[in-house]
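# What the coordinates show
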Amino acid sequence: MLIADDLDKMLDILPDFVKKPLINHNNHKNLIEIVMDLGRRPEARFPDGPEYLSSKIISWHDLDYCIKRIGHFSGDNRSGIEYTLHRISSIKNRQGNIIGLTCRVGRAIFGTISIIRDLLDRGNSLLLLGKPGVGKTTAIREIARVLADEMEKRVVIIDTSNEIAGDGDIPHPAIGRARRMQVMRPEQQHQVMIEAVENHMPEVIIIDEIGTELEALAARTIAERGVQLVGTAHGNCLESLIKNPVLSDLIGGIQYVTLGDEEAKRRGSQKSIIERKALPAFQVAIEIHDRNSCVVHEKVDQVVDQILQGSNSIVQSRNFGIDGSIYIRCDYSNSNDFVAYNNTSMKVKKKYSEPFINLNNIKNDLYSDFKNVDFFQLSKSNKEVYQGISLSYIDSQMICVYPYGLNIKLLETTINTLSLNIVLTRDIMKADIILALRSNIKYNNKIRQLAKSKKITIYTIHSSTTNNIMRALKKMLNLYNTNYICFNELCKNKTKIQLQALLEMKFAIEKIIILKHHSVELLPRIATIRELQYHLLNLYNFKAQHFGEEPNRFLRIYPY
């Protein structure tokens, strides 16, 4: 990372007895801020703690010395030094006289957003969360430069306190080709946001410190006009933003909803619940914990829904390694995905608990050489092409259970306690199994007919007790173990080409047909291999047809 801080210009405004100890300080490159309060000793703050700079007490004369060398203080009691990113904030007494200064060091750190660069490429709106001083403004400044210079987008920065692009009329070079709009008074920020969209035709608008209801409403208006947003807000995590009545509109807002009896039974919840009331203005939320790590929520709408429902949600943690590599850890219930990548390569490490059979354990020399293949092509109606899928990813199938009329908290606790490869879903169309109370499912013809048409197995229990739930979950796993053992047996003593054909079909069925309900055209195979694929097809109860002429004849598998 390349760092530019112009620290000498900050030191030039300070009295000599404050400046000299900082010039000779061993850790001056990590200086965060300098605090000068009337009647107290000057203090420097570093990442590892504060230090006094002198035994001399700050006087009115010392404060006037600094104030005369900086610009005018705006309505939010902030000022700056021209052509720098430094921020000087004042503390005033009741008469309006300045009795304290906080001199915050501003740094342009190039390369600091490489940890989230892949999110910028997707074009989604990003919301950065974090406590003060964690590096949100530094990150948003670098995002502006990358979007404007490297991705060549029309970027407009709403710089309310001149903290992103520095003080003065000429913006700091750290923002690249991005344009900067200054705000006369902080309470006019929402008006300048709308003005930027209407007058300057931006592709991206960058806002620092969204803090009022009007600014949140303006952000929603901009998002609805199709402009990409990048903004920051104070808050440690997404949950704190949901609880904030002023800023909750940024992530869709919340409202109280009363459910009918049938819907409450289906969800296994109370009749009065809290739900998200609209689409969020930001599709991605990033919680910055410190300068080297963050938590990413790639689908804010889904994460907010899961938080409001009290369900487990996916947590994606990212951090820089000592060697500059970026490590990603994804936690969901009991499964952990570890991804490590640097500028040139990516490595994937995954951990999955039993009871599923791991195909990598099959004793076959040819199989051990078979790592990445192009598996299949989709039908012409869907142009997605999946390539180079690793075998460990194919074996990560989990049982999707749709609970009906059960205590979901108890069900989740049981699954976590037993470390089972089971995930709960609210969408019955994605479920492999329905688990319901017998008294509730007995009179619900709609669910029974839907399960019959989609060939979804229904498990019933008399009452929602821990023992009954454990017994039902173990029975489900026994059924799925049987299918995986059959597949394991089918793969034994097969050639590389035969294994490739079986894995191709397994991936197509489990990842595309079941989850996405698309028909899939497999790669052309000879007759003996197609017959082998038919054996696997019978395990899943799907239908397929032959198309084409030999030797380019292939199977097309259809959804239920």
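Just so it is clear, the structure is predicted and the values come from calculations on it, not from any experiment.

Core analysis: the biggest nonpolar cluster contains 32 residues, and Ile158 and Ile205 have the highest contact counts within it. For this core, the elements supplying multiple residues, two or more each, are strand E9 (126-130), strand E10 (155-159), helix H6 (189-200), strand E12 (204-207), helix H7 (213-224), strand E13 (228-234), helix H8 (238-243) and helix H10 (300-309). Non-local contacts of isoleucine 205, meaning those with residues more than four positions away in its chain, are made with Val156, Ile158, Met193, Ala196, Val197, Ile222, Val227, Gln228, Leu229 and Val230. One finds Ile116, Leu119, Ala144 and Val296 within the second-largest nonpolar core, a separate group that totals 31 residues.

Overall, parallel pairing links the four strands, which are arranged E25-E24-E26-E27 in an open sheet. Edge positions in the sheet fall to strand E25 (422-424) and strand E27 (457-461), since each has one partner strand and no second. Geometrically, the sheet is characterised by an average inter-axis angle of 30° between neighbouring strands, direction not taken into account. Across five bridges, strand E26 (residues 433-437) lies against E27 in parallel orientation. If you follow isoleucine 433 over to E27, its bridge partner there is threonine 457.

Read from one edge of the open sheet, six strands run E4-E3-E2-E7-E6-E5, paired in antiparallel fashion. Looking along the sheet, the strands with just one partner apiece sit at the ends: strand E4 (49-52) and strand E5 (78-80). Neighbouring strand axes in the sheet, compared pairwise and without regard to direction, differ in orientation by 25° on average. Sheet topology note: the strand E6 (residues 87-92)/strand E7 (residues 98-104) ladder contains six bridges and is antiparallel. Across the sheet, isoleucine 88 pairs through a bridge with cysteine 103, a residue of E7.

Two elements, strand E28 (residues 520-521) and strand E30 (residues 554-558), share two bridges in a ladder whose sense is antiparallel. Counted as the bridge partner of valine 520 is isoleucine 557 from E30. As paired strands, strand E29 (residues 543-547) and E30 are joined by five bridges and run antiparallel to one another. Bridge pairing links glutamine 545 to arginine 556 in E30. With antiparallel pairing between neighbouring strands as the criterion, E29 and E30 make up a hairpin whose turn holds six residues, including glycine 548 at a positive phi of roughly 85°.

Before going further, it helps to spend a moment on the packing of H6 against H7. Interhelical geometry of H6 versus H7 gives an angle of 15° and a closest axis separation of 8 Å. Taken as axis vectors, H6 and H7 run roughly parallel relative to one another. Note that H6 runs across H7; the crossing there is left-handed. Residues Gln189, His190, Met193, Ile194 and Val197 of H6 form the contact with H7, whose participating residues are Leu214, Glu215, Ala218, Ala219, Thr221 and Ile222. Considered class by class, the residues forming the contact of H6 with H7 number seven nonpolar, three polar and one charged.

Reading the values: the criteria
Residues numbered from 1 in each chain as written. Predicted model: local features only at pLDDT ≥ 70, side-chain atom pairs only at ≥ 80, totals over all residues. Heavy atoms only, no water. Core = buried A, V, L, I, M, F, W, Y, C linked by side-chain atoms within 4.5 Å. Buried < 20%, exposed > 50% of the residue type's maximum accessible area, 1.4 Å probe, protein only. Helix = DSSP H or I, 4+ residues; strand = E, 2+ residues; numbered from the N terminus. Contact = heavy atoms within 4.5 Å. Pairing = 2+ DSSP bridges. Axes fitted to C-alpha atoms, helices over the stretch in contact; angles between N-to-C directions. Parallel < 35°, antiparallel > 145°, perpendicular 65-115°, else oblique. Left-handed = near helix turned anticlockwise from the far one by under 90°. Nonpolar A, V, L, I, M, F, W, Y, C, P; charged D, E, K, R; others polar.

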